[in-house]
Structures are given as structure tokens and as C-alpha cells.
Amino acid sequence: MQTIERSAVEDFLFHEADLLDQWRLPEWLELFTDDATYEVPCTDLPPDALSDVNLFYIADDRFRLGERVKRLMKRTAHAEFPHSKTSRLIGNVRICESGEDGLRVSAKFQTYRTKDGTTDVYFGTANYRLRVNDGELRIRDKRCVLAGDGLRPSGRISIVL
Amino acid sequence: MHHHSDDPAILIDQGQKTFKVARKNFTDPEIFRAEKDRIFERCWLYLGHASELPKPGDFISRTVAGRSILLSRDSKGTLRALLNTCPHRGAQVCRERKGNAKSFQCFYHGWVFGADGKLRSQPGEESYAADFKERDSSNMQPVPRFEIYRDFCFVAFDKNIVPLVDYLAGAKEYLDIVCDQTDAGLSIISGTQEYSIRANWKLLTENSIDGYHALTTHASYFDYLMNTTDGLSGGMGGGYGYDLGNGHAVLEYAAPWGRPVAQWIPAWGEEGKREIERLHQSLTERHGRDRADRIALKNRNLFIFPNLVVNDIMALTVRTYFPLAPDYMLINAWALGPNSESAWARKFRLNNFLEFLGPGGFATPDDAEALEHCQRGFNNAKEAQWNDISKGMGKDRPSHNDELQMRAFWTRWNAMMFPEPVPNLKGVAA
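Here the structure is a predicted model, which means the values were calculated and not measured.

So what exactly am I meant to see when it comes to the interface of chain A and chain B here?
Note on interface size: it is often stated as the accessible area lost on association of the parts. Taken together, the contacts link 39 residues of chain A with 43 residues of chain B. When residues of chain A are sorted by the area they lose upon contact with chain B, L55(A), R64(A) and R152(A) head the list and together hold 23% of the total. Counting the contacts that link chain A with chain B gives eight salt bridges. Put simply, D366(B) and R71(A) hold a salt bridge, and the shortest N to O gap is 2.6 Å. Elements represented by at least two residues in the side of chain A that touches chain B include exactly strand 2 (56-61), helix 3 (62-72) and strand 5 (118-133) of chain A. For the side of chain A that touches chain B, the element with the most residues is helix 3 of chain A, which contributes six residues. Here the side of chain A that touches chain B is composed, by residue class, of 15 nonpolar, 10 polar and 14 charged.

The following block contains the structure:
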């Protein structure tokens, strides 16, 4: 397996953040493998908690993630209509593990969301499992571990983190 | 408080079949302050579920109506609700959210208390009176009233409040239906959804028992359901709303989603079908066919005045909320599940929960958006003064998507807030 440099992982995560900020969600979805998961645990759970036995905020398999994208592109996703403006900062990118199975990557995220004159901040650590398909990086798992106390004051996660 | 008889909080006209709620009830700081004294100081309030503290020494610290409360299970296994404040100088004794401890030590001067709140020791004991430790005033104080109904733990700050079971009135029967879905007991599943909505707390009360908004506010969720439950038509089945007394209310209806209690959907496959059949069979053996069908196939959105919602829908939820300001509330929500549940059913229960409920689900964010936009709309309250909740008022039996439930809430709210007779008001929900 070819060696993936951190700069390539950073470029990939910056690209992901940019697609989300531009609300190009169908394109963003293509970054994920067919068996991908996207999870946001509740903040009183350990960061490695399992969504089968614990209540999360979000625990999407690939099907529900696709449905989440479809929903967010509709006018009837009222919480995000009109779409909020978002700006994502990705930093402290680290390759934690690299092997035949792909990469384990951790990064810090800060996501700002503005709608109706109110700005919310989401922050924490995003843990990824990445795969390499035909030389291209793909997301197998993405777990956003929020570092705030619950979802206060941001209230809800109506965007994709 | 300024409250003029020509400026009522609610306005009922039985002849015209209208029930109107003043929008200032959601915005006025004086009403907000009065609610603290007249509602939250005088009602039973949900604190937690006994399953959250399975072992002696287990504890949870939680905020209820602004109070810091320590719920602990003492060495004999008895649950205690203590005011989380040191009798010495007032510091919060327990600063952890949850855990297991043999005793609690106030870090300020080192006083040590048992899980029952009794003072065990304090540095410099020789400087205190000989019987100091035997005095009640040296112990952490219990919450004035603490009672438990079927593992649901409630506190009240009014010593003279009626017993919990009397307070629950007709809501007791519905809590029983929820609890009777298993003979192994229910437990809170790990993971607390802690969120907030920038709106008045009463808007969430209304929303929690509002069957009318589902098809419009949650249109995108029903689209999703259509994609996951082939063969089931979208939309909510027939049902009714009930006034349960004391401000409590429920809507009970049939719905197209799968219920891990015992309503199967094709998306759950053959394995799911066998499991659901087994669950339904077991319910029938214990409760008879009619009650089993009601437990398994009917959905219930149960509201217990003033701020507890137990939804027995596609999952089983416990939700409580407290106002911090007229236009801001904090919400805590948990998932309940039967102790005997298989790994399969638990996974689908949580799946069901997340796809509809919670601040990352496909429905709750839209509810929050609606409530926040009501709150914004109330900025026009001086010129546009009234909300209308008259839907179904003329019917013998209002439907689950009528507004009887809200009238039950507001009637009780009004009676507690403004107990003196006010012209133009009749004290019953219609």
C-alpha cells in the first residue's frame, strides 16, 4: 500500500469542509464508502461508546446519511431553510494509524453556523477511518466528539458537522 | 404583578367555540417570574429514573427548577433526593454529574456526608458542640418532598403538595401502560441528549402534545418513512386527545412507524418479525388481547404538568425542560428501554429514536425552528395579541390532532397563575 502523507489527508479534510460550507452535500456524500457511518455521541458518553447500546445525537449508517443529505437539500428541512451560513476550521490533523485497512485520522474542528442573526459554535475532535480506493481517499467512519457541555447553547445539530 | 381583568391571559368563548391564549404569556418577564413561584414551586417535578442508580452509592447531580439536587442511593438501597448544598457554608457538595461514592466531601472545609446526607465528620470536631453531629441542621437537607411512581422520581418544593399519585390523576394510567410493556422493568439507556431552544418553555409543552403539526412540520420525516417502510401509507392513524386532569394530557393514536414494543414493519425483516411476534405473544399472555394491542400498537404522547413528556411512539422517551428566561429553555432527554430487550430490538429502538427525535434527528430540529419562529412572531404581541387553540372545541370527542390537550394545559396553568375569579374566564377546557 502506498504511503499517504499528512498533507494529502489535510487537503482531503479541507476539501470535505469546503463542500459542506458550500452546501454541496450530494458531492460531499460521494466522499463516503458504501458501508460508511457518521456519528455524534452525546457528550456524557465516553468517546468510543457504541451507538447500538447508547443514545447518541446522530448515528447514521450509509443509508440514513444519504437520507440526511436528501432531507437537508429540501425546503421542508425547515431547520435549515433557508440554509444557514457555515464556516469550518480543521486543525491539529494527525495520522494515528496507517495500515492495510486504511488510516485512522484525528482532527480538531470548529464549525460556526449563522442563521437568523444568531451564531452557534460547534467544536471538538473528528475521528476518521479513511480508506484508499484507486488512490483516492474515502471516509469509512466519521465520528465527531463534541467538546462542549451538551448542545448548549447551540441547541441542535441541524447541519452536518 | 399587573394583571387586569380586561387583559386576561386566556380568553374562552364557548358560544363562538374559541379558546385564545395571550401571546404576552410567552414574553412578559413578570409572567415568567410569577411562573417560578406559582408553577415550578407548586408542582411535582421529574428528577430522574431509579434505573439510573442501580447500586448502593450510585449518585447523580442534576438541576431542577434552578436547584442543584443530589439524587443518591444510600447503603441500604434507599433513594434520597438531597439539596446539593453544604449545611456549613453553602458550597455544592457534589461536583460530579454521576458516579458511585461511599460518602461526599465538601471540598471547601472538608465536611463529609454519607449517601443519606448525614454528617459523618468534619475537621476540628472538638471545636463544635458535643451533640453537633446529631442535629438535623448539620446534615445535608432533603428536598422538601420526594416520591417515586414506578421508578419515575419526582421532587416538589412545596411541603404541602398533594401526594404524587394523586397529582398524577389520569396520567397514572398512561404511565402504567408505558411501564406494563415489560415485566422486567424499564431502564434509562446511557447517553443524555442535552440541548436548548430559544423559545418559551410553554411552546415545547404545546408542541409535545400537538398532533396537528406533524404532517407539515415533519414532512421531510414522512418522506423518509416512505423510503424505509414500503407498503405503509404515510400519515397518522385515527386517535383521540384526552384531558387527564391537573393539566396533564395525552394523545393516543395509531402510526405507520415500527414500534419495538411490538409493531413490526417490513424494513425489520424476518428476524425482526419473529422477535416482534414473540413480544406480542408475551404481552397478550400477561395483559389479555385488548390491553396488549393497546400497549403494542397505539402511540402515546403523554404530558405531565408542567414540564415532563413521556413519548411512547417509535421509541420511548423521557423529556424534561426548564425555562432560564422567557425566551430560552434547557431540555434534557433520555431513551427508556425494557431491561429484557434483545440486542436486535435495542438497536432498532435507538435507530428509531435517532431518525425522528433529538437535536440531530429528522424532526426535532424542525420543531425547534418552529418554536423559535413562534417566539419571534410574538414580537408582534402588542398588535397581534392572541394564539388560537380552538381546534376540535365543538366535538364530542376531539381527535389526537385537535387541540384539547393544549386547552387542558392552559386551563390548569391559568388556574395556578391567576387563582382569583376573572371575568370572561371559565375554568374548564372545552
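Would you explain the pattern of salt bridges in this entry?
Two side chains bearing opposite charge may form a pair once their charged atoms approach each other closely. What the rule picks out here adds up to 51 salt bridges over all chains. A salt bridge links E52(B) to R62(B), with the nearest nitrogen and oxygen atoms 2.8 Å apart. With a gap of 10 residues between them, E52(B) in the loop between strand 3 (45-49) and strand 4 (58-64) and R62(B) in strand 4 connect regions that are remote in the sequence. Like R62(B), E52(B) is buried. Here E125(B) ties to K133(B) by a salt bridge, and the two come within 3.1 Å at their closest N and O atoms. Here the residues in one salt-bridge network are D35(A), D101(A), R129(A), R131(A), R140(A) and D141(A), joined through shared partners.

What should I look at first to understand unusual backbone geometry in this one?
With glycine set apart, most residues show a phi of negative sign, and most peptide bonds adopt trans. Here the residue pair R152(A) and P153(A) is connected by a cis peptide bond, since its omega of 5° sits within 30 degrees of zero. For P153(A), the position within the fold is in the segment after strand 6 (136-146). The peptide bond linking F305(B) to P306(B) adopts the cis configuration, its omega dihedral lying at 5°. On the secondary structure map, P306(B) appears in the loop between strand 16 (298-304) and strand 17 (308-312). One non-glycine residue, D134(A), lies in the positive phi region at around 50°. Locating D134(A) in the fold gives a position in the loop between strand 5 and strand 6. Residue classification places D134(A) among the exposed residues on the basis of a relative accessible area of 81%. With phi around 80°, D151(B) is a residue other than glycine that occupies positive phi space. Within the secondary structure, D151(B) sits in the loop between strand 11 (145-149) and strand 12 (152-156).

Where do I start with helix 7 (residues 269-287) of chain B in this structure?
Note: α-helices contain 3.6 residues per turn, so residues at a spacing of three or four share the same orientation. All names here are of chain B. Taking 1.5 Å of rise per residue, 19 residues should cover 27 Å, and helix 7 covers 27 Å from first to last C-alpha, within 8% of that figure. Among the residues making up helix 7, those that are buried are G272, E275, I276, H280 and L283. Buried residues of helix 7, seen end-on, are gathered within an arc of 135° and therefore sit on one face of the element. Along helix 7, exposed side chains directed more than 90 degrees from the buried face belong to E270, E271, R274 and E285. Those residues of helix 7 hidden inside the fold are in contact with helix 8 (289-297) and helix 9 (343-356).

Can you walk me through the sheet that holds strand 1 (residues 10-13) of chain B in this structure?
Within a sheet, each strand pairs with its neighbour through backbone hydrogen bonds, oriented either parallel or antiparallel. All names here are of chain B. Spatially, three strands are ordered 1-2-20 in an open sheet, and the strand pairing comes out antiparallel. Of all strands in the sheet, those with a lone pairing partner are strand 1 and strand 20 (386-388), marking the two edges. Neighbouring strand axes in the sheet, compared pairwise and without regard to direction, differ in orientation by 25° on average. As defined by bridge partners, strand 1 adjoins strand 2 (residues 18-22) across four bridges and the pair is classed as antiparallel. Residue pairing in the sheet places I10 in a bridge with V21 of strand 2.

Which parts of the structure should I look at to understand the packing of helix 4 (residues 201-208) of chain B against helix 10 (residues 364-377) of chain B?
When two helices pack together, their arrangement is captured by the angle between the axes and the distance separating the axes. Residue and element names in this part refer to chain B. Between helix 4 and helix 10, the least distance of the axes is 10 Å, while the angle of their chain directions is 130°. By the angle between their axes, helix 4 is oblique relative to helix 10. Where helix 4 crosses over helix 10, the two elements pack in a sense that is right-handed. The segment helix 4 lies against helix 10, with L203, L204 and N207 engaging D367, L371, C374 and Q375.

For this particular structure, what's the right way to read the packing of aromatic side chains?
Here a ring pair, both rings aromatic, is described through the centre-centre distance and the interplanar angle of the planes. Residue and element names in this part refer to chain B. Scanning all chains against the criterion turns up 31 aromatic pairs over all chains. Ring centres 4.7 Å apart and planes at 35° place the aromatic pair W344 and F348 in the tilted group. Residue W344 and its partner F348 are located together in helix 9, separated by four residues, close to a single helical turn. Among the aromatic residues, those joined into a cluster by ring pairs are F26, F40, W201, F303, F305, F322, F378, F409, W410, W413 and F418. A cation over an aromatic ring shows up here: K273 above the ring of W264, its NZ or CZ 4.6 Å from the ring centre.

Calculation criteria
By convention here, each chain's residues receive numbers from 1 onward along its written sequence. Chain labels run from A onward and ligand labels from 1 onward, assigned in the order the entries are written. This being a predicted model, a pLDDT of at least 70 is required before a residue's local features are given, and a value of 80 or more before pairs of side-chain atoms are given or counted; all residues contribute to the totals for chains, interfaces and linings. With hydrogens and water set aside, each side-chain value is computed from the structure's full complement of heavy atoms. Any two residues having at least one pair of non-hydrogen atoms within 4.5 Å are treated as being in contact. Buried area is understood as the total, over both parts, of accessible area removed when two parts are fitted together, assessed with a 1.4 Å probe. Basic side-chain nitrogens of Lys or Arg form a salt bridge, by our definition, when they fall within 4 Å of a carboxyl oxygen of Asp or Glu. Think of it this way: any DSSP run of H or I at least four residues long counts as a helix, any run of E at least two long counts as a strand, and we number them from the N terminus. Amino acids outside the nonpolar list (Ala, Val, Leu, Ile, Met, Phe, Trp, Tyr, Cys, Pro) and the charged list (Asp, Glu, Lys, Arg) are all regarded as polar, and Gly is one of them. A simple rule labels every residue: compare its accessible area, found with a 1.4 Å probe on the protein chains alone, to the largest value its type can have, and call it buried under 20%, exposed over 50%, or partly exposed in between. In this scheme, a helix's expected span is set at 1.5 Å multiplied by one less than its residue total. An arc is given here, and it is the one of the directions from the helix axis to the C-beta atoms. Any two strands with at least two DSSP-identified bridges between them are counted as paired. Axis definition: a line fit to C-alpha positions, over the contact stretch in the case of helices; interaxial angles, taken between N-to-C directions, run 0 to 180 degrees. In this scheme, roughly parallel covers angles under 35 degrees and roughly antiparallel covers those over 145, while 65 to 115 is roughly perpendicular and the rest are oblique. Handedness of a crossing is defined here by the sense of rotation of the near helix relative to the far one, left-handed for an anticlockwise turn of less than a right angle and right-handed for a clockwise turn. Ring pairs shown here join Phe, Tyr and Trp side chains whose ring centres sit within 6.5 Å, with only the six-membered ring taken for Trp; geometry is labelled stacked below 30 degrees between planes, edge-to-face above 60, and tilted in between. Only when the NZ of Lys or the CZ of Arg is both within 6 Å of the ring centre and within 35 degrees of the ring normal is a charge said to sit over the ring.

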